[in-house]
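# Coordinate inspection notes
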Amino acid sequence: MTQGLGVGLSILRKSLVVGSAALQRRMLVTLELNNKDKSYEWLLAWLAHHPPSPSLNPLTRRLTSTLTRSHNLSVETSLQTHPNGSSSAAFRLVAGPGTHYIHYAGHWMRLSRERDARAQALMSGQPWETLTLTALSPARAVFPLLLADARDAAMKGQEGRLVVHTAWGTEWRPFGLPRAKRPLKSVVLAPGVAEGIERDLRTFLSRREWYADRGIPYRRGYLLHGPPGSGKTSFIQSLAGELSYDICVLNLSERGLTDDKLFHLLANAPERSFVLIEDVDAAFNRRAQTTEDGYQSSITFSGLLNALDGVASSASARLVFMTTNHFARLDPALVRPGRVDMGVLIDDAVPAQACVLFERFYGAGAGSGSTSSATTSPSTPSTESPPPTSPDLDLDIASLSKSLAHTIQSEMDAGRRVSMAALQGFFILHAEDPRGAVEGVGGLFR
Ligand SMILES: Nc1ncnc2c1ncn2[C@@H]1O[C@H](COP(=O)(O)OP(=O)(O)OP(=O)(O)O)[C@@H](O)[C@H]1O
């Protein structure tokens, strides 16, 4: 009798398990995303921006509050280094590993974030993670809407902003939050230089079919060389912003970077991005120095050439920008056409440049943000935007500008030079005193 009851109960339990599994299959719909997928980041970011809202109904508010009040929140920290050398961090609370509930477009969904610390992406070492959304079957149609919403929110956050990516193993990952774009005009190069580079790039971008018809790899390499503080990096960043491209910054001296990783990174840069290799001379100087002991990084010179050529075989437009302070140290193999298609000297200040910068600082409209920096951190005030000048400043800026041009020309004639960065710093120092800036500028020359 007791035995019969036991068997009966066990059958009942089994049927319940099988039944509930069948019911789940019929009634529930599940969507799984892993952290290799872009939607994964978008969805996490979307969740972070949808805290409990007083406009929701009481039930919704209570349950959504559970999501944000629960202990399983994670912090995502973004570090940003500003051009003035300072850095700041931004924090975002996102749904941590565990179970959360969300209400979207009239449907309740369960969201599980799971992390498998044992499974890691081979190159980046990042743990494998999944987000699983589970809802009643009718919510199936809502999943794509939710993902599209998350994507649009992510894109909106980047509108008008410059996204900088850095290498993480063999992957590119956004570095910090998207930054405010720096207007191209705020980087003042010698007359015609900026226009020449921009024209070349725009022409290249308009010729995709022309390249395809002729079987020429659709890539272009630029090398901006010249003394420190002449605006090479600032110009490249502004140009990317102007064309709504991202920037992928590659540091050749980075520990752990190997030829293979470099090849992979260059071949897999995100669409619509510039690959920026700064101080390209720093990793190796002349080829002769790339001997066993000569390397400062673990990549080889031929590895770099291969990576650059590998990029060339890619079907989509590939734009590589390199900078150096020491053009003469570069191996001719690196700067040959095909690897560097346009090399441009970005030099110390000439009178025309200095005058434009001066007038931007002190002339009408100064302080309107035309020289605003490329940074966004609310916590770190930019040192590059001059305070607004008083409108009734009774000074003849045009004649001061002429006298500045005269000083710069005579210093140049005497073989002395000044960088645009030094001029900028000096003008910031004399933000309220244009006359003092012009009178003291001679002391900056070296
Ligand atoms: N031509 C310029 N016009 C406006 N600002 C400039 C210019 N050149 C330099 N600056 C200012 O000086 C600072 C340094 O500039 P940037 O880093 O672009 O120079 P760089 O040539 O890339 O220097 P390095 O070779 O040392 O990397 C920036 O804050 C930038 O605003």
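Bear in mind that the values here come from a model prediction, so they are computed numbers and not experimental data.

For the rest of this paragraph, the subject is the overall build of the protein chain. What the protein chain contains, in helices and strands, is 13 helices and 15 strands. The buried share of the protein chain, taken over its 446 residues, is 29%. Taking the intrachain contacts of the protein chain between residues at least 6 apart in sequence as the baseline, contacts between residues at least 24 apart amount to 72%.

Put simply, helix H10 (residues 351-362) and helix H11 (residues 397-413) touch, their axes get as near as 9 Å, and they point 150° apart. The element H10 and its partner H11 pack so that their crossing is right-handed. Contacts between H10 and H11 involve Pro 351, Ala 354, Cys 355, Phe 358, Glu 359 and Tyr 362 from the former and Ile 397, Ser 401, Leu 404, Ala 405, Ile 408 and Gln 409 from the latter. Classifying every residue of the contact of H10 with H11 gives nine nonpolar, two polar and one charged.

Here we come to helix H7 (residues 232-242). Across the 11 residues of H7, 10 count as buried, placing the element largely inside the fold. Within H7, the full set of buried residues consists of Lys 232, Thr 233, Ser 234, Phe 235, Ile 236, Gln 237, Ser 238, Leu 239, Ala 240 and Gly 241. Packed against the buried residues of H7 are strand E7 (161-162), helix H5 (193-205), strand E11 (219-225), strand E12 (246-250), strand E13 (273-277) and strand E14 (318-324). Looking one or two residues past H7, Ser 244 carries a phi angle of roughly 55°, positive in sign.

This next bit is on the nonpolar core. Grouped together as the largest cluster of nonpolar side chains are 67 residues, with contacts concentrated most on Phe 274, Val 275, Leu 276 and Phe 321. The leading source of residues in this core is H10, at six residues. Not counting the four nearest positions on each side in its chain, Phe 274 is found in contact with Ile 236, Ala 240, Tyr 245, Ile 247, Cys 248, Leu 319 and Phe 321. In this structure, Trp 42, Ile 102, Leu 111 and Ala 135 belong to the second largest nonpolar core, which totals 15 residues.

Turning our attention to the site of the ligand. Surveying the vicinity of the ligand reveals 18 residues, the closest of which are Pro 228, Gly 231, Ser 234, Met 420 and Ala 421. Elements represented by at least two residues in the shell around the ligand include exactly H7 and helix H12 (420-429). For the shell around the ligand, the per-class residue count stands at eight nonpolar, eight polar and two charged.

Let's shift gears to the sheet that holds strand E9 (residues 171-174). Strand-to-strand pairing in sheets goes through backbone hydrogen bonds, with the strands running parallel or antiparallel. Across the sheet, seven strands lie side by side as E9-E8-E12-E13-E14-E11-E15; this open sheet has mixed pairing. Since the sheet does not close on itself, it has two edges, and those belong to E9 and strand E15 (342-345), each with one partner. The sheet shows a mean angle of 25° between the axes of neighbouring strands, taken without regard to direction. Taken together, the three bridges between strand E8 (residues 164-168) and E12 define a ladder with parallel strand orientation. Considered in E12, the bridge of Thr 166 is made with Val 249. Most of the contacts of H5 go to E15, to which it runs at about 165°, and overall it touches E11 and E15.

This part is about H10. Three- or four-residue spacings in an α-helix give side chains the same orientation, since the helix completes a turn every 3.6 residues. Look at H10: 16 Å from first C-alpha to last across 12 residues, which is about the 16 Å you get at 1.5 Å a residue. All of the buried residues in H10 are Gln 353, Ala 354, Cys 355, Leu 357, Phe 358, Arg 360, Phe 361 and Tyr 362. Packing partners of the buried residues in H10 comprise H11, H12 and helix H13 (434-440).

The next thing to look at is the environment of Ser 15. On the secondary structure map, Ser 15 appears in helix H1 (residues 2-27). For Ser 15, a count of 10 C-beta atoms within 10 Å translates into the label exposed. A C-alpha to C-alpha distance of 73 Å links Ser 15 and Pro 337, two positions 322 residues apart in sequence.

Conventions we followed
Residues numbered from 1 in each chain as written. Predicted model: local features only at pLDDT ≥ 70, side-chain atom pairs only at ≥ 80, totals over all residues. Helix = DSSP H or I, 4+ residues; strand = E, 2+ residues; numbered from the N terminus. Buried ≥ 20, exposed ≤ 12 C-beta atoms within 10 Å, placed from the backbone. Contact = placed C-beta atoms within 7 Å. Axes fitted to C-alpha atoms, helices over the stretch in contact; angles between N-to-C directions. Left-handed = near helix turned anticlockwise from the far one by under 90°. Nonpolar A, V, L, I, M, F, W, Y, C, P; charged D, E, K, R; others polar. Core = buried A, V, L, I, M, F, W, Y, C linked by C-beta atoms within 7 Å. Near = placed C-beta within 6 Å. Pairing = 2+ DSSP bridges. Expected span 1.5 Å × (residues − 1).

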